[in-house]
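Observations on chain architecture
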Amino acid sequence: MNTILLNQNQIKELITMKEVVDICEKTFKGFGEGSVINPTKVNLDLGETSGFPPYKGFMNAMPAYIGWTDTAGIKWAGGNLGERKKLGLPYITSLIMLINPKIGNFTCILDGAFITNMRTGAQTTVALKYIFNGGRSERKSIKLGLYGAGMQGHTQTLAISQLFDIEEVRIYDVFKVAAEKYKEDMKDVVKGEIIICNTPKEAAQGDAIICVTQSKDKFLLDEWVKPGTVVFPMGSYQECDDAMLLNAKKIVVDHVGQCLHRGALAELSHKGKITEDSIFGTIGELATGKLSVGEYFDGKIVCIPIGTGAMDIAVASIIYKKAKEQGIGDTYSFVQD
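Residues numbered from 1 in each chain as written. Predicted model: local features only at pLDDT ≥ 70, side-chain atom pairs only at ≥ 80, totals over all residues. Heavy atoms only, no water.

So, on to the nonpolar core. In terms of nonpolar packing, the biggest core is built from 67 residues, with Leu110, Leu128, Ile142, Val230, Phe232 and Ile319 touching the most fellow members. The contact partners of Ile319, leaving out residues within four places of it in the chain, are Leu6, Ile11, Leu14, Ile15, Leu110 and Ile115. With 28 residues, the next largest nonpolar core counts Val225, Leu245, Ile251 and Leu265 among its residues. (Core = buried A, V, L, I, M, F, W, Y, C linked by side-chain atoms within 4.5 Å. Buried < 20%, exposed > 50% of the residue type's maximum accessible area, 1.4 Å probe, protein only. Contact = heavy atoms within 4.5 Å.)

On to the pattern of salt bridges, then. The full count for this structure, using the stated rule, is 17 salt bridges. Between Asp22 and Lys26 there is a salt bridge whose closest N-O contact spans 3.4 Å. Pair noted here: Asp22 and Lys26 are both in helix 2 (residues 17-33), with a separation of four residues, about one helical turn. (Salt bridge = Lys/Arg side-chain N within 4 Å of Asp/Glu carboxyl O. Helix = DSSP H or I, 4+ residues; strand = E, 2+ residues; numbered from the N terminus.)

The subject of this paragraph is the packing of helix 2 against helix 11 (residues 309-326). The description of two helices packed together rests on the angle between their axes and the distance between the axes. Contact geometry of helix 2 with helix 11 gives a least axis separation of 9 Å together with a crossing angle of 130°. On the basis of the axis angle, helix 2 is oblique to helix 11. Along this stretch, helix 2 crosses helix 11, giving a crossing that reads as right-handed. Mapping the contact onto sequence places Glu19, Val20, Ile23, Cys24, Thr27, Phe28 and Phe31 in helix 2 and Ala310, Met311, Ala314, Val315, Ile318 and Lys322 in helix 11. (Axes fitted to C-alpha atoms, helices over the stretch in contact; angles between N-to-C directions. Parallel < 35°, antiparallel > 145°, perpendicular 65-115°, else oblique. Left-handed = near helix turned anticlockwise from the far one by under 90°.)

So, about the sheet that holds strand 13 (residues 250-253). Read across the sheet, eight strands follow the order 10-9-8-11-12-15-13-14 without closing on themselves; strand pairing throughout is parallel. Each end of this open sheet is capped by a strand with a single partner; those strands are strand 10 (193-196) and strand 14 (281-282). Both strand 11 (residues 208-211) and strand 12 (residues 230-233) contribute to a ladder of four bridges, which runs parallel. Looking at the pairing, Cys211 lines up with Pro233 of strand 12. Where helix 5 (residues 151-160) meets the sheet, its contacts fall on strand 8 (141-147), strand 9 (165-172) and strand 11, and the angle it forms with strand 8 comes to roughly 175°. Of the strands in this sheet, strand 8, strand 9 and strand 10 touch helix 6 (residues 176-185), which is tilted by about 175° from strand 10. (Pairing = 2+ DSSP bridges.)

Glancing now at the environment of Ile171. With respect to the helices and strands, the residue Ile171 is situated in strand 9. Ile171 sits in the buried class, given a relative accessible area of 0%. Remark: the alpha-carbon pair of Ile171 and Asn80, spanning 91 residues in sequence, is separated by 24 Å. Dropping the residues within four chain positions of it, Ile171 is found in contact with Leu146, Gly148, Ala149, Ala179, Tyr182, Ile194, Ile195, Ile196 and Cys197.

Right, let's talk about the pairing of strand 13 for a bit. Residues of strand 13 alternate between two faces, with Lys250 and Val252 on one and Ile251 and Val253 on the opposite face, all of them buried. Looking at chain direction, strand 13 and strand 15 (residues 301-304) are connected through four bridges and run parallel. Of the residues in strand 15, the one forming a bridge with Val253 is Ile304. Relative to strand 14, strand 13 is paired through two bridges, and the arrangement is parallel. Across the sheet, the residue bridging to Val253 is Thr282, located in strand 14.

Glancing now at the layout of surface pockets. Estimated volume of the second largest pocket: approximately 400 Å³. As for the second largest pocket, its lining consists of 21 residues, of which Thr71, Asn100, Thr107, Tyr320 and Lys324 are closest to the centre. Taken together, the elements giving at least two residues each to the lining of the second largest pocket come down to strand 6 (92-99) and helix 11. Ranked by residues supplied to the lining of the second largest pocket, first place goes to helix 11 with five residues. Residue classes in the lining of the second largest pocket are distributed as nine nonpolar, eight polar and four charged. (1 Å grid on protein atoms, 1.4 Å probe; cavity = no way out; pocket = protein on both sides within 12 Å on 5 of 7 lines; lining within 4 Å. Points joined across faces, edges and corners; volume = space filled by probe spheres on them. Nonpolar A, V, L, I, M, F, W, Y, C, P; charged D, E, K, R; others polar.)

Glancing now at the packing of aromatic side chains. In the structure shown here, the tally under the stated rule is five aromatic pairs. Taking 6.5 Å as the distance between ring centres and 40° as the angle between the ring planes, the aromatic pair formed by Phe28 and Phe31 counts as tilted. Taken together, the positions of Phe28 and Phe31, both in helix 2 and three residues apart, correspond to about one turn of that helix. A residue is classified by how much of its surface remains accessible, and Phe28, at 0% relative accessible area, is buried. (Phe/Tyr/Trp six-rings, centres within 6.5 Å; stacked < 30°, edge-to-face > 60°.)

Along the chain, the position of Lys218 falls in the loop between strand 11 and strand 12. Given a relative accessible area of 32%, Lys218 falls into the partly exposed group. C-alpha of Lys218 to C-alpha of Ile74: the two residues are 144 residues apart in sequence and 32 Å apart in space. For Lys218, the residues in contact, after removing those within four places along its chain, are Gln238, Glu239, Cys240, Asp241, Asp242 and Glu267. A distance of 3.1 Å separates the side chain of Lys218 from the side chain of Asp242, its partner in a polar contact. A distance of 2.9 Å separates the side chain of Lys218 from the side chain of Glu267, its partner in a polar contact. (Polar contact = N/O pair within 3.5 Å; in protein donor to acceptor, adjacent residues only side chain to side chain.)

Written as structure tokens, this is what we have:
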């Protein structure tokens, strides 16, 4: 049986951000209904936090089964701030492999970096939709505080613009030239003003504050953020101070087991200060109506969509279906007759 091979340029022609948001919403509902199977990701530390090997990188293995597309697969993905950065290559590298779950043959192999960036923005958008609708009338506009003007900053903004009119973005990046490029790139996506901030504190305003950085510093302080704000610390490290997490009115995640071991909650989880009981619920439970965050004007919601293989596999499965219908992509037989 032939396997379809798709490169990044082909993938870009086959999917839009609007479609990715819809796919992620359906997949979150699958999480809530129990029709998505998503084991906790396996992390291979290649010097991201360890001393050996000294490559300043990591890779994750992320398998999943998606009930609503009846597809299974695995994403092999990671980041590298060592030699890859020196060569001027993007931080993220990724490959996705799909299988037919009935018979186990590999149906498609795709570049995963573009899909990763797109679905990460879409996750935030779906979470905002259900957090806001839980305690307020359906809102059409939003103000954002954004940390990180790289690819993730761009795709977060693009995804949110699919469901909301963005009245304002306050953008902060340690490299001001990156923030300036973001402002130019996003001028037609953001309906309101894009404000480049000179200090981290200046960006800590808005209906939602989104952190998509590679920082190992806890730069976002709880005291800066007003009650009624939704905070998304989405980097590989904590990004916000301990008080932000410990004082949160509610903590919402995409995958409980995974979020306790990587990302914003990991350090406090390892110290026993945050446990599974500290987590209010999942985005999937919000999307299926099993939970609602209710009114939270006197506190803050911390939402952590750490990223699951399920979102990647779901998006990839729709791309594969389109590619097959349109005759796009090369094919290869890994098993010779």
